[in-house]
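Spelled out from the first residue to the last, the chains are:
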Amino acid sequence: MNTWRNASLAVTAAALLTLTTACGQEQGGTSPNGQAVGNAAPAQQPAESGYGSAGGGYGSEAGKEAAEPKEAGQLAVQETKKLGKVLTDSEGFTLYRFDKDTANPPKSNCEGECAAIWPVVASGDTTAAAGTDEELLGEVTRPDGTSQLTVDGWPMYRYAKDTAPGQINGQGVGGTWFAAAPDGKKAAKNADSEGVAEPADPAGLSVRKDPELGDIVVDGRGMTVYRFTKDSAWPMKTACTGECLKKWPVVAPMAKNAVDGVTTKGFVTFDRPDGIKQQTIDCWPIYTFAGDKKPGDTNGQGVGGTWYAVSPDSKLVGAAK
């Protein structure tokens, strides 16, 4: 009888061990501390392998022809919850910029099928938005001879999947397309605003080669992603709460197909005790740093000996062994 009972307990224990070590598996479950895990929540904007992604090509969108460039008319500024101030055309449609273009000198690298998904904004009779610098507006002649609107040198586009005014479905597509701020920069919420900072935009994760740190993970805006050594991966716990989150905003959940070159092992949503949902890599919660003001900054690296950039396989970059 004891032999049978011991064997039964062994089977139960083995099954439990399998469940509690399955943080990175696709099926949902509950951790020993009651933390729900499972598939990450889908991104608010659909990710796609559009121009600007490492994969290239447009898939089902291939074969479309670019529409005749349309003027923007009276530009306007729209206040958005996630990105702050965003530049729009006279009809309220968001204007975008492409990382593979250049601003100095202005040059567009989006043609053919790309321009079918990202319609060119013609320069024409464009008027600056109220309260913005009219001197930032310009134009660039495209290879086909048409003239495209530029803001601070950056060519402007719309997004074919924005079907109504106010939409920002193109934000972060391929890790290279971003809504334009009124000054031509990438739209981004002010990290120095009061209260807990907004989570990083859930558009995606990709890899950037830093000259000092090597390959590191960046979010959809190109901002460096960090891990906190005082957190734990299993059970998933966070040691960054309250005031900490003003300096270290969480990376919001996203779909796996919004990730390029980064491991999706343990790619699950962390339902934090404070009610915030946070993306994890290999079950580790990930963050950005309010002290990074522009893409490429790594000012959070090594802060307090506890914050480090993340490698594509989720390891801490530059941390002591």
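Shown above is the structure to which this text applies.
(A) Expanded view of the pairing of strand S15 (residues 214–219). By the bridge criterion, six bridges tie strand S14 (residues 205–210) to S15 in an arrangement that is antiparallel. Considered in S15, the bridge of Val207 is made with Val217. Hairpin connection of S14 to S15: three residues between the antiparallel strands.

(B) Region of interest: empty space enclosed by the protein. If you walk through the whole model with that rule in mind, you get one cavity of 30 Å³ or more. Empty space within the largest cavity amounts to approximately 50 Å³. Lining of the largest cavity is provided by Leu75, Leu87, Ala128, Ala129, Thr132, Asp133, Leu136, Leu137, Val151 and Pro182. Here the lining of the largest cavity is built from residues that sort into eight nonpolar, one polar and one charged.

(C) Inspection of the nonpolar core at higher detail. Within the largest apolar cluster, 18 residues are counted, with the highest numbers of intra-cluster contacts made by Tyr96, Cys110, Trp118, Tyr157 and Trp177. Elements with a contribution of two residues or more to this core: strand S6 (96–98), helix H2 (113–117) and strand S13 (177–179). Take this core: its biggest share by element is three residues, from H2. Listed in part, the twelve residues of the second largest apolar core include Tyr226, Phe228, Trp248 and Tyr287.

(D) The arrangement of the state of the cysteines in detail. Tallied over the entire structure, the rule returns two disulfides. In this model, Cys110 is linked to Cys114 through a disulfide, with the two sulfur atoms separated by 1.9 Å. Across the disulfide from Cys110 to Cys114, rotation about the S-S bond amounts to roughly -110°, and the bridge is consequently left-handed. By relative accessible area, Cys114 is classed as buried at 0%. Between the sulfur atoms of Cys240 and its disulfide mate Cys244 the distance is 2.0 Å. Measuring the twist about the S-S bond at about -105°, one finds the Cys240-Cys244 disulfide to be left-handed.

What counts, and where the lines are drawn
- Residues numbered from 1 in each chain as written.
- Predicted model: local features only at pLDDT ≥ 70, side-chain atom pairs only at ≥ 80, totals over all residues.
- Heavy atoms only, no water.
- Pairing = 2+ DSSP bridges.
- Helix = DSSP H or I, 4+ residues; strand = E, 2+ residues; numbered from the N terminus.
- 1 Å grid on protein atoms, 1.4 Å probe; cavity = no way out; pocket = protein on both sides within 12 Å on 5 of 7 lines; lining within 4 Å.
- Points joined across faces, edges and corners; volume = space filled by probe spheres on them.
- Nonpolar A, V, L, I, M, F, W, Y, C, P; charged D, E, K, R; others polar.
- Core = buried A, V, L, I, M, F, W, Y, C linked by side-chain atoms within 4.5 Å.
- Buried < 20%, exposed > 50% of the residue type's maximum accessible area, 1.4 Å probe, protein only.
- Disulfide = S-S within 2.5 Å.

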